[in-house]
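Listed here are the chains, written in short residue letters.
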Amino acid sequence: MMNVSSSSLSVKPGILLLIAFIEGAVVMAAELIGAKMLAPFFGTTIYAWAAVLAITLLALATGYYTGGYFTTKHPPLKILRIILILSGLFMVLMPAISTAIMSALVDVNILPGLIIALLGFVFPPVFFFGMVSPVIIHTLVNHVDKTGSVAGKVYAISTLGGVINTLLLGFYIMPHFGIKGPAIVYGLLILILPFLILERKSKPRNVIIILILASLVGLFQIRDHKSQSMRFSVLYASEGILGQVKVVDIQNIMVNNRIMEPRGLIVNNTWQTLYNLTDKENLLDYIYFIKPLLSKFEGSTGNSMLVGLGGGMLAREMVKTGMQVEAIEIDARLKTLARRYFDLDPSIDVIIDDGRHHINRTKKTYSLIILDAFLGENPPWHLLTQECFETIRSKLDDGGVLIIEFFGLTDGLKGRPARSILATLQAAGFDVHLIATRKEDAPDRNLIFLAHKGGFSFDDMRYDDNPYAMEPINDLRDYIIKVSASDMRDAIILRDDLPVFELMVGRTSLHWRSDLNKLIRDIFVEDDLPLFY
């Protein structure tokens, strides 16, 4: 028999199980909030998520072992008080620590930067959270033969807290309150537990401590509310499970002897939409290569589908053809922002859904389907498989067209993802033309896959409406690139049961993110604008 220590008799078992539940909830908050804090700096690739999961598990494993060790050396409730105070403190400081660390790492390569950053602001709180369960188990066990039962109950309750809070964070808390405020509130909740639950003496002192902690929260909330610099004005910013979204105005700039007032939609510090407030014209080059293709559908009364709304620039061009346009967007925030800040045509039917899910369930057929759902450097691989392309082909009218916008590399290892998309489209029965916005193979150009059932003609296209194209576009046939059979030998037919695309695109994504950071993230750091909210 193992007797309960005298210190453990002062707290009811239900209180300790409540602490286990809260600890499990806040562990998931630290993991999810930490991942979202990374996004503006390091993106949302599989590398970022793998690093978050690995550091979280490492912190928990280390915490479990350390907590178990200290229960044999010190009174468990005394240890528990210290653990809760330290874990809560690190959680409250998480926004400040993460900003300081990641701002200092702006010149470090992405992969080592990821690991160093996570070790700095995710590992400490999760490490102390990991110590909680072994201490609670030690306190509750009063018979050796009850150890398994008690341990199972504690870990089950802790995990249940994590499950419930993960759903709350994803579907309500982060979309409505961002990530900085919730991080501080969760930390405060952990900080006050030892004073409200475990400490029975000095109640006035507890009240004073809580008031001081609340004041600290207020100071952290006030800090970083700057929304304007010499270069940017931030009109809107929010965090959500799908990433950080900002709408910014860029201070007047001169292009080709014309003053422009650009407004941009930025998701995870990557441009999704950029247009000129003066004349409300699009400023992203790839759309000017799609507009001539859209001119082939002028006068059509058929249906068209756009997967990936962004700020709605491409949807607006589609409406001009006369087709019925439905835009599929998984992030409900973008529907509101496109209408409020980018003059989205009210006639466009915006459906909040996953693109693949909508493609599978729609009963309509379409003259045109466009996939423009590539959120930063993180392509939705499930939209690029043979099974998805075959479903799309079955939903296209005779003469219907599928257009896909993608990264611009086709050569070498970094071009393998694009070659695999080409091979997969062909395997799904499409004839494909590959259009590049520049002849040079570079990550900052765009590729446009034009897939059709055969018989597509490049004649009778209009090229008279491209005021901000990087260069005059007179004939899309000049931009068609050929991929040789020898280059296609390493291409993979992408399938639902072979989810290798994220790994394939990883090298390109890291290179692209590194270059993009210099254009957006680093300017926000220099201008002392907040990088998460």
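Structure: see above.
Cut-offs and rules
Residues numbered from 1 in each chain as written. Predicted model: local features only at pLDDT ≥ 70, side-chain atom pairs only at ≥ 80, totals over all residues. Heavy atoms only, no water. Phe/Tyr/Trp six-rings, centres within 6.5 Å; stacked < 30°, edge-to-face > 60°. Helix = DSSP H or I, 4+ residues; strand = E, 2+ residues; numbered from the N terminus. Buried < 20%, exposed > 50% of the residue type's maximum accessible area, 1.4 Å probe, protein only. Lys NZ or Arg CZ within 6 Å of the ring centre and 35° of its normal. Pairing = 2+ DSSP bridges. Axes fitted to C-alpha atoms, helices over the stretch in contact; angles between N-to-C directions. Contact = heavy atoms within 4.5 Å. Left-handed = near helix turned anticlockwise from the far one by under 90°. Nonpolar A, V, L, I, M, F, W, Y, C, P; charged D, E, K, R; others polar.

A. Focus on the packing of aromatic side chains. The full count for this structure, using the stated rule, is 11 aromatic pairs. A centroid spacing of 5.0 Å and a plane angle of 85° characterise the contact between F289 and Y479, whose relative ring orientation is edge-to-face. Linking F289 in helix α10 (residues 285-295) with Y479 in the loop between β14 (446-452) and α16 (501-504), this pair joins segments that are 190 residues apart in sequence. As far as the burial class goes, F289 and Y479 line up, both buried. Residues F456 and F458 carry aromatic rings whose centres are separated by 5.2 Å and whose planes lie at 80° to one another, so their mutual orientation is edge-to-face. Under the relative-accessibility criterion, F456 is labelled buried at 18%. Three or more aromatic residues link up through ring pairs in this structure, and these residues are F90, F123, F127 and F128. Here the basic side chain of R393 rests over the ring of F430, its NZ or CZ set 5.9 Å away from the ring centre.

B. Broad picture of the sheet that holds strand β11 (residues 366-371). Read from one edge to the other, the open sheet built from 7 strands follows the order β10-β9-β8-β11-β12-β14-β13, with strand pairing classed as mixed. Edge positions in the open sheet fall to β10 (349-352) and β13 (431-436), since each of these has one partner strand only. Across the sheet, the mean angle from the axis of one strand to that of its neighbour is 15°, orientation sign disregarded. In the sheet, strand β9 (residues 324-329) pairs with β10 via 4 bridges, with the strands oriented parallel. Looking at the pairing, I328 lines up with I351 of β10. Packing against the sheet, helix α15 (residues 416-427) makes contact with β12 (396-407), β13 and β14, and its axis sits at approximately 5° to β14.

C. Geometry of the packing of helix α1 (residues 13-42) against helix α5 (residues 110-121). With their axes 11 Å apart at the nearest point, α1 and α5 run at an angle of 145° to one another. Where α1 crosses over α5, the handedness of that crossing is right-handed. On α5, the residues that touch G34, M37, L38 and F42 of α1 are I110, G113, L114, A117, L118 and F121. Considering only residue class, the contact of α1 with α5 consists of 8 nonpolar, 2 polar and no charged.

Bear in mind that shape data such as this cannot, by itself, settle questions of function.
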